[in-house]
Amino acid sequence: MKNWFAGTFRSLRLYNYRLWAAGSLVSNVGTWMQRIAQDWLVLTELTHHSASAVGITMGLQFAPPILFLPWTGLAADYFDQRKLMLTTQALMGLLALALGLLTVTGVVQLWHVYVFAFLFGTVAAFDAPVRQTYVSELVGEADLANAVALNSMTFNGARMLGPAAAGVLIAGVGTGWAFLLNGASFIAVLLSILFLRRSELRPSARAQRGRSSFVDGFRYVWHRPDLRANLLMLLIIGMFGMNFAIFIATMAVKVFHADANGFGLLTSLMAVGTIIGGLMAAARERPYFKHLVAGAGVFGVGCTLGALAPSFWLYGAALVLTGMASLTFLNSTNALLQLSTEPAMRGRVMAIRMAIAMGGTPIGAPIVGWVADHAGPRWAMAVGAAAGFGALLVGIVYLMKIAPPDRAASGGHQAAREAVEPGEELT
């Protein structure tokens, strides 16, 4: 047990990562409070239970990773990452405070939420690639997979605390206070960045400027079948499966007739599953493609059970399973991409990943919202199930086409060869 604990949380032995994780936990709790408050504000206060409006809000928030893809990855690879993160985190805090003030003063309108969702998504589009790739400078390549898994645990631990806190705040003092507290929570992550021991960082190779730098990122991915399969699976699930704001909100309100506390509780139950999945991921020495495939398959099963659940608590149990699967899947896509990508290309590859993971939502979320409005929330969950099984099929096809072990891998970072099991050489 002691060895398992030490191995699972090994990145926490490093001062810089401990500080980073603590700041991220506080900020992520605030972020999840805002997500729940934003969905609840749109669904119950600014519209009459319009899932389509929630879908539009999500679409506006997740469109910027695609719109600004030529610049977000380049920024992560070229600029001083510490200064860039300080800027993006401060801007997101200010946006949260501004939306909170509009809400608590009673002047907020639906179009305000749309505008702030787009602005927040724009800043997050520049923040996400650099924040994810910066982890390698905190822990080094050897512990990168473990740190990525612990990051997911931190994020999803906040996913358990934030929605529950948001439910209490919304019921007690109003939706706007969740936005205000989220704005204040960014102070923690800003302080954690400022107090990092720069002498203990492990700088990665930086990219060289050039006209084709942006195109190089796509060319790099295109010539790597493993990366193509990874990102296609992520596109399918990200577009139609990762719409839990719609799934949970509409099931809670329209099917189980729950209040804000019930909505927050369901989101927290899903977070319990993601934490379990995070512990499993952190305990693994390194991720393999089979974990990606398993995560997609179980995700489809979890959404299917959720669509068929006859009661609130059985639906919550299905969300726990779905949370485990989604964390396994998302953590595997993240860790496999980072481990198998050359450091100088990592920012651009991760920007492509974020564009696919978040950018598919502007297409998928309004469709899923329309399905929830016109066919019912259970059919919307069925769309998520179909996405999981579709990604599973892509993964199985890729595994069936893996080159024999005696063929040499073509291109890519050496870690790409180490991230597959013996006999599963990348092509």
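Residues numbered from 1 in each chain as written. Predicted model: local features only at pLDDT ≥ 70, side-chain atom pairs only at ≥ 80, totals over all residues. Heavy atoms only, no water.

The subject of this paragraph is the side chain of S268. Along the polypeptide, S268 turns up in helix α14 (residues 260–283). Overall, S268 belongs to the buried group, its relative accessible area being 8%. Each residue touching S268, except ones within four places of it in the same chain, is listed here: R159, M160, P163 and A164. (Helix = DSSP H or I, 4+ residues; strand = E, 2+ residues; numbered from the N terminus. Buried < 20%, exposed > 50% of the residue type's maximum accessible area, 1.4 Å probe, protein only. Contact = heavy atoms within 4.5 Å.)

In this structure, H49 takes a positive phi of about 55 degrees despite not being glycine. With respect to the helices, strands and loops of the structure, H49 is situated in the loop between α2 (15–45) and α3 (51–62). The exposure class assigned to H49 is partly exposed, which follows from its relative accessible area of 31%. Positive phi values are uncommon outside glycine, yet H257 reaches one of about 55 degrees. In this fold, H257 is placed in the loop between α13 (244–255) and α14. By relative accessible area, H257 is classed as exposed at 64%.

Glancing now at the environment of G323. Of note, G323 is situated in helix α16 (residues 312–339). Residues G323 and I275, 48 residues apart in the sequence, show an inter-C-alpha distance of 8.1 Å.

Note on placement: A258 falls in the loop between α13 and α14. Remark: the alpha-carbon pair of A258 and F312, spanning 54 residues in sequence, is separated by 8.7 Å. Not counting the four nearest positions on each side in its chain, A258 is found in contact with W40, A252, V253, F263 and F312.

The next point concerns the UniProt feature "transmembrane region" (unreviewed entry) in the protein. UniProt's feature table lists "transmembrane region" (unreviewed entry) at residues 91–111, 164–196, 231–256, 262–281, 288–307, 313–330, 351–372 and 378–400, given in the numbering used throughout. Here residues 164–196 runs as 85% helix and 0% strand, with 31 Å between its end C-alpha atoms. Its end C-alpha atoms 25 Å apart, residues 313–330 is made of 100% helix and 0% strand. (UniProt positions renumbered as here; feature names shortened; annotations may be inferred.)

Another point: the nonpolar core. Nonpolar side chains tend to gather and get buried jointly when the protein is soluble and globular. Within the largest apolar cluster, 125 residues are counted, with the highest numbers of intra-cluster contacts made by Y17, M233 and Y315. With 12 residues, the single largest contributor to this core is α2. In contact with Y315, other than residues within four places in its own chain, are F247, I248, M251, F256, L266, G306, A309 and M381. (Core = buried A, V, L, I, M, F, W, Y, C linked by side-chain atoms within 4.5 Å.)

Looking now at the pattern of salt bridges. Counted under the stated rule, the structure contains 4 salt bridges. Residues D226 and R224 are paired through a salt bridge, measuring 2.9 Å at the closest nitrogen-oxygen approach. Between D373 and K254 there is a salt bridge, with the nearest N and O atoms lying 3.0 Å from each other. Taken as a pair, D373 in helix α18 (residues 361–374) and K254 in helix α13 lie far apart in primary sequence, 119 residues in all. What makes D373 partly exposed here is its relative accessible area of 27%. Under the relative-accessibility criterion, K254 is labelled partly exposed at 30%. (Salt bridge = Lys/Arg side-chain N within 4 Å of Asp/Glu carboxyl O.)

Okay, the packing of aromatic side chains next. Evaluation of the coordinates by the stated rule reveals 10 aromatic pairs. Their ring planes at 25 degrees and their centres at 5.5 Å tell us that W40 and F263 sit as a pair that is stacked. Note that W40 is positioned in helix α2 and F263 in helix α14, a separation of 223 residues in sequence. The residues W40 and F263 share a single accessibility class, namely buried. With a centroid separation of 5.3 Å and 80 degrees between ring planes, the pair formed by F312 and W313 is classed as edge-to-face. Through successive ring pairs, a cluster of aromatic residues spans F256, F312, W313 and Y315. The residue whose ring lies beneath R35 is W32, and the NZ or CZ to ring-centre distance is 4.6 Å. Sitting over the ring of W222, R228 keeps its end group 5.0 Å from the ring centre. (Phe/Tyr/Trp six-rings, centres within 6.5 Å; stacked < 30°, edge-to-face > 60°. Lys NZ or Arg CZ within 6 Å of the ring centre and 35° of its normal.)

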